Structures are given as structure tokens and as C-alpha cells.
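Now for the letters of each chain:
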Amino acid sequence: MSSHGDPQPMTARRGGALKGVAEVPGDKSISHRSLILGAMAVGETRVTGLLEGQDVLDTAAAMRAFGADVTREADGTWSIHGVGVGGFAEPEDVLDCGNSGTGVRLLMGAMATTPITVTFTGDASLRSRPMARVTDPLALFGTQAYGRANGQLPMTLIGAANPLPVRYATPVPSAQVKSAVLLAGLNAPGQTVVIEAEATRDHSERMLAGFGAEITTEITDEGRVITLTGQPELKPQTIVVPRDPSSAAFPVCAALITEGSDVLVPNIGLNPTRAGLFETLRDMGAELTYENPREEGGEPVADLRARFSPDMQGIEVPPERAASMIDEYPILSVVAANAAGATVMRGVKELRVKESDRIAAMAEGLRAAGVEVEDGPDWWIVHGRGPAGIKGGVTVATHLDHRIAMSFLCAGFASQQAITVDDAGPIATSFPVFKQLMGDLGARLDLANA
Ligand code: S3P
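The structure reproduced in this document is the subject of the present report. (Residues numbered from 1 in each chain as written. Predicted model: local features only at pLDDT ≥ 70, side-chain atom pairs only at ≥ 80, totals over all residues. Heavy atoms only, no water.)

## Some points on the overall build of the protein chain
Point 1. Looking only at helices and strands, the protein chain has 13 helices and 24 strands in total.
Point 2. The C-alpha radius of gyration computed for the protein chain amounts to 21 Å, which stays within 12% of the reference 22 Å derived for 450 residues, consistent with globular compactness.
Point 3. Seen along its three principal axes, the alpha-carbon backbone of the protein chain occupies a region of about 65 × 50 × 45 Å.
Point 4. At a minimum sequence separation of 6, the contacts of the protein chain that also span at least 24 residues come to 76%.
Point 5. Summed over its atoms, the accessible surface of the protein chain is roughly 15,900 Å², and 49% of this surface lies on carbon and sulfur atoms.
Point 6. On the protein chain, the mean spot of the 37 positive side-chain charges and the mean spot of the 54 negative ones are 4 Å from each other. (Helix = DSSP H or I, 4+ residues; strand = E, 2+ residues; numbered from the N terminus. Rg over C-alpha atoms; globule rule 2.2 N^0.38 Å. Contact = heavy atoms within 4.5 Å. Areas by Shrake-Rupley, 256 points an atom, 1.4 Å probe, with all protein chains shown as cover. Lys, Arg positive; Asp, Glu negative; His and termini not counted. Charge placed at Lys NZ, Arg CZ, Asp CG, Glu CD.)

Here is the structure:
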């Protein structure tokens, strides 16, 4: 949905220790892919633990518009009766992907090699984000795209009637671009190859293999070379979605900076392409442990335990780790503001084209809250205030960005004075139970106008 109603200001205040168990929702990346691949299989895919955030609900609606039968059962299981690779029907109306870059870019890939015409739009944030990074490689299959200047939504794609297989080296480290090309390759004859210089999250590769596609990954001098054989019959699956490490980041980081805290965040996927934040926090001296490590559904999983860590030190975050924690830099910057010394983050240009310009949004709010921040095109440095902590006493703009909103609210649990965000509404895109869950841990979080 492209609008979520009136802004909902929310205020976080220091209110004592955070304690208890935080059961965060299902993984957003895997939830989108479960619906899309389920719709491209023949037969019934069943999914439990699906994230029921607005981003994923918008993708579910899109799958229905493409002709798949998608229903939610009373116990929360989702059932998808797919139409098969190449079986998408032409939607009768514009597809509104709301706030979701992953949703729109994966959907563009999934329809690109079926001869249908689809118009995509989204909210103000999504309409400002670059789409050429996806439509450029899709053009190599024969897909036509007509959008606004700068390749922005709204945009109409005409799927290729006689698609060609593609070999494409991604110019930016992006799992969304990689996944769009792989999804398009499903309905192209022969082998579609994606080469990525830096490893990005590999859920698409793992799940395509799970659905029965022939897909291989080779590590070469060029990077990761992923080869997909087109026109498979995808077999429906039973999927248990693991909990989202990007959502786990919020209770974990809130506990690390809030005096006296001790929080257990069970069942978190620790796929190495996603776990960079937790390694970084440990490098900073966080009291963060992986309890009960195990394998579930082919993915490493553990229970995370985070305790208040007053002695954290700023570090230089290894740039090669960026892709594995790309969504976590906003909350890392809040931890960095509470650590001693500087935290240096380089090689993070992609942060400028997320739901908001995340470097600008965090720098602006942190500076207003009394933290010194330096920034350049693809780097930023947060000068930690150590035990003095963040001053707070500000209202910050969240720019329709769920992770900016949650990051500043977590900052407010430990700041000297309250922190208000101008709009907590976008949190519903990825973490609809955030307020309840943090409140259950003991956090003081109120609708500002309540
Ligand atoms: C995602 C990939 C990342 C990430 C986004 C989810 C995905 O974007 O920021 O939240 O599910 O593929 P990029 O691939 O554009 O970096």
C-alpha cells in the first residue's frame, strides 16, 4: 500500500533494564521468496512463520494478482497454490509494492520473462529509489521497461515473449538484483549466470535449489558465479521461515546499551551472509553469546543472549563485511554512539539508496541528540560518547524508514532524555509487534500523542 495514513509519533524513554525473551518475527527476505517461489511452483506450498508485515503482505497480494491462490489459515499457516514457471496471468490493476524494494525488484524479475504487461508503484520512499539496477539486466532477457526519469516508479514492464538467457556481473553488491536476474532466468531457456564480486545474502540460491531448480555456485577469481538452468518445474515445498536476524538486531542492541539488561532472542538464523552485525558487536566487546547453536532447514541457527555491555569500544568495521550487515548499520550506529571511541564504517554507499538515505538520516538524528558524526559518500564515522551516553531530548525524522524509526527508539531506552520519532508507522513493514515486544521486555515506549 502506498500510504499508511497519518504519521504516528512515538517516544522512547530510559526506564530501567530490559529483561526476558524476545521472539522476533519471521525473516523478511525468506518470507518474500517463499511467496514468490511458491507461486512459481506447481501445486501447494505451505509456509509457517511467515512475516506478516506490510511489505510481505503486499507481495502476497501481488501473487494473487498474478493468478496464484494465496490464503492464510486460522493457525497462521500460509498456503500458496502456484501457477508454475511462466504461468503468471496479467494483473488487472497496478501493483502497489508499498515500501518494499525487495518486493518490487523480485516481482519485476519474476514476471520479466513471461509475456505480460505489469505496472508497478509504491509509496514516496519506494518511488524515489533506483530501479534501473534491475531493469538494465532484465533488458538483456528482452524485457522492456518504461518508467519515470532516473528509472523511478511508477514503471511499466513488458515481459519478454522469447527470452534469451543472460550472463550478468552485478555492478553493485545487491541480493535484490541477483535475485531478480535469477527469477527472470527461471523462464528463459538455457543457463542464466549471475556473477557477484562480493557475496550477498544467498536465500534465493538456497531456496531455488530447495524448490528443485538446477543451480550451482562456484567461487572463482571473478567472485561468486551462480548458474541456473532455465525452465525447471519447481516443486512445492513446506517452509518453516526462521526468525529475522535483522529484526533480532533491535532487542539485542537495545539490551547491550541499556543498563542492567539481559535478553534472550531465540531461534535466529545465523547464515554467514546475514550475521555480520553480531560478529561486529562481539568485536566491539559486546556481551553477546550464541547459545544452543544448531542447524535448521539447512541454515545455522542459535539463541542470542545479549547483556548490558558498558565497556564496548568503537572499531573500524571491515568493509568486506558490509553486505552481510547492510540493513544493520543504523542500529550499529546507535551502539557505536554508546561505545567509547570512534566507529568507522566504510564501503557502505548502498546505505544511501535504502528506504531512506540511511547515512544522512542517522547522522542528522544522532547529531541532534548530541553525538558527533562525520560522513562522506560511502563512509561515516560515529564518535562514541562512552558511559556518558546519548543526550537525547529530540524529535527525529524517520523518512518513511522502519529501521531508522526502530534505531532511534532503541537509542531512547538508554539516552539521558527521551527520543521521539516523527513517524513509527513504517515499523509495521517489517516488525509489526515491535512496540509490544519491546514493552514486554520492560522498555518505555509510548505513542507520543496518546
Ligand atoms: C534484501 C536485500 C538487501 C536488503 C533488503 C533485503 C533481499 O538489499 O537491504 O532489506 O531480501 O534480497 P540489496 O540487495 O539491494 O542490498
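## Observations concerning the environment of Pro236
Point 1. Structurally, Pro236 is set in the loop between β13 (223–229) and β14 (238–240).
Point 2. Between the C-alpha atoms of Pro236 and Pro173, which are 63 residues apart in sequence, the distance is 30 Å.
Point 3. Setting aside chain neighbours within four positions, we find Pro236 in contact with Ala41, Val42, Gly43, Glu44, Thr45 and Phe211.

## Considering the packing of helix α10 (residues 329–338) against helix α12 (residues 402–412)
If you want to describe how two helices pack, look at the angle between their axes and the distance between the axes.
Point 1. One way to put it is that α10 packs onto α12 with a least axis distance of 8 Å and a crossing angle of 20°. Taken as axis vectors, α10 and α12 run roughly parallel relative to one another. For the element pair α10 and α12, the recorded crossing hand is right-handed. The residues of α12 that touch α10, namely those facing Pro330, Ile331 and Val334, are Arg403, Ile404, Ser407, Cys410 and Ala411.
Point 2. Here the residues of the contact of α10 with α12 are counted per class, giving six nonpolar, one polar and one charged. (Axes fitted to C-alpha atoms, helices over the stretch in contact; angles between N-to-C directions. Parallel < 35°, antiparallel > 145°, perpendicular 65-115°, else oblique. Left-handed = near helix turned anticlockwise from the far one by under 90°. Nonpolar A, V, L, I, M, F, W, Y, C, P; charged D, E, K, R; others polar.)

## Here we look at unusual backbone geometry
Point 1. Note that the residue after Leu153, namely Pro154, is joined by a cis bond; omega there is -5°.
Point 2. Mapped onto the fold, Pro154 is located in strand β9 (residues 152–158).
Point 3. Even without being glycine, Asn267 reaches a positive phi, approximately 65°.
Point 4. With respect to the secondary-structure elements, Asn267 resides in strand β15 (residues 262–269).

## Points about the sheet that holds strand β1 (residues 10–13)
Point 1. Ordered by their spatial adjacency, four strands build an open sheet running β22-β23-β1-β24, and the pairing between neighbours is mixed. The sheet is open, and its two edges are formed by β22 (394–396) and β24 (444–447), each paired on a single side. Between one strand axis and the next, the sheet turns through 20° on average, direction left out of account.
Point 2. Two elements, β1 and β24, share four bridges in a ladder whose sense is antiparallel. The partner of Arg13 across the bridge, within β24, is Arg444.
Point 3. On top of the sheet, helix α13 (residues 434–441) reaches β1 and β24; it is set at about 145° to β24, its chief contact. (Pairing = 2+ DSSP bridges.)

## Description of the environment of Asp375
Point 1. Positionally, Asp375 belongs in strand β20 (residues 372–376).
Point 2. Look at Asp375 and you get partly exposed, because its relative accessible area is 31%.
Point 3. When the C-alpha positions of Asp375 and Val166 are compared, they lie 38 Å apart, and in sequence the two are 209 residues distant.
Point 4. For Asp375, the residues in contact, after removing those within four places along its chain, are Arg352, Ile359, Arg367 and Trp380.
Point 5. A polar contact is formed between the side chain of Asp375 and the side chain of Arg352, at a distance of 2.9 Å. (Buried < 20%, exposed > 50% of the residue type's maximum accessible area, 1.4 Å probe, protein only. Polar contact = N/O pair within 3.5 Å; in protein donor to acceptor, adjacent residues only side chain to side chain.)

## Some thoughts on the site of the ligand
Point 1. Within the structure, the ligand sits among Lys28, Ser29, Arg33, Thr102, Pro173, Ser174, Ala175, Gln176, Arg201, Ile326, Asp327 and Lys354.
Point 2. The separation between an oxygen atom of the ligand and a polar side-chain atom of Arg33 is 2.7 Å.
Point 3. Between the ligand and Ala175, the relevant distance is 2.7 Å, taken from an oxygen atom to a main-chain nitrogen or oxygen of the residue.
Point 4. Counting residues per element, the ones that place at least two in the shell around the ligand are α1 (28–40) and α6 (175–185).
Point 5. By residue number, the principal contributor to the shell around the ligand is α1, which donates three residues. (Near = heavy atom within 4 Å.)

## Here we look at helix α3 (residues 101–111)
Since the α-helix turns once every 3.6 residues, residues separated by three or four places project in the same direction.
Point 1. Taking burial as the measure, the eleven residues of α3 include eleven buried ones, the bulk of the element.
Point 2. Gly101, Thr102, Gly103, Val104, Arg105, Leu106, Leu107, Met108, Gly109, Ala110 and Met111 are the residues of α3 that are buried.
Point 3. The N-capping residue of α3, defined by a side-chain oxygen 2.8 Å from the backbone nitrogen of Gly103, is Ser100.

## Describing the nonpolar core
Point 1. Core analysis: the biggest nonpolar cluster contains 78 residues, and Phe278, Leu281, Tyr329, Trp380, Phe434 and Met438 have the highest contact counts within it.
Point 2. No other element matches the nine residues that helix α8 (residues 245–257) contributes to this core. (Core = buried A, V, L, I, M, F, W, Y, C linked by side-chain atoms within 4.5 Å.)

## Some thoughts on the pattern of salt bridges
Point 1. Throughout the structure, instances matching the rule amount to 30 salt bridges.
Point 2. Among the salt bridges present, the one from Arg274 reaches Asp244, with a minimum N-O distance of 2.9 Å. Separated by 30 residues along the polypeptide, Arg274 in the loop between β15 and α9 (276–283) and Asp244 in the loop between β14 and α8 bring together distant segments of the chain. Each member of the pair, Arg274 as well as Asp244, is classed as buried.
Point 3. Salt bridges here are not isolated pairs; linked through shared partners, they connect Arg129, Arg201, Asp327, Glu355, Arg358 and Asp401. (Salt bridge = Lys/Arg side-chain N within 4 Å of Asp/Glu carboxyl O.)

Purely geometric stuff here, so don't read any function into it on its own.
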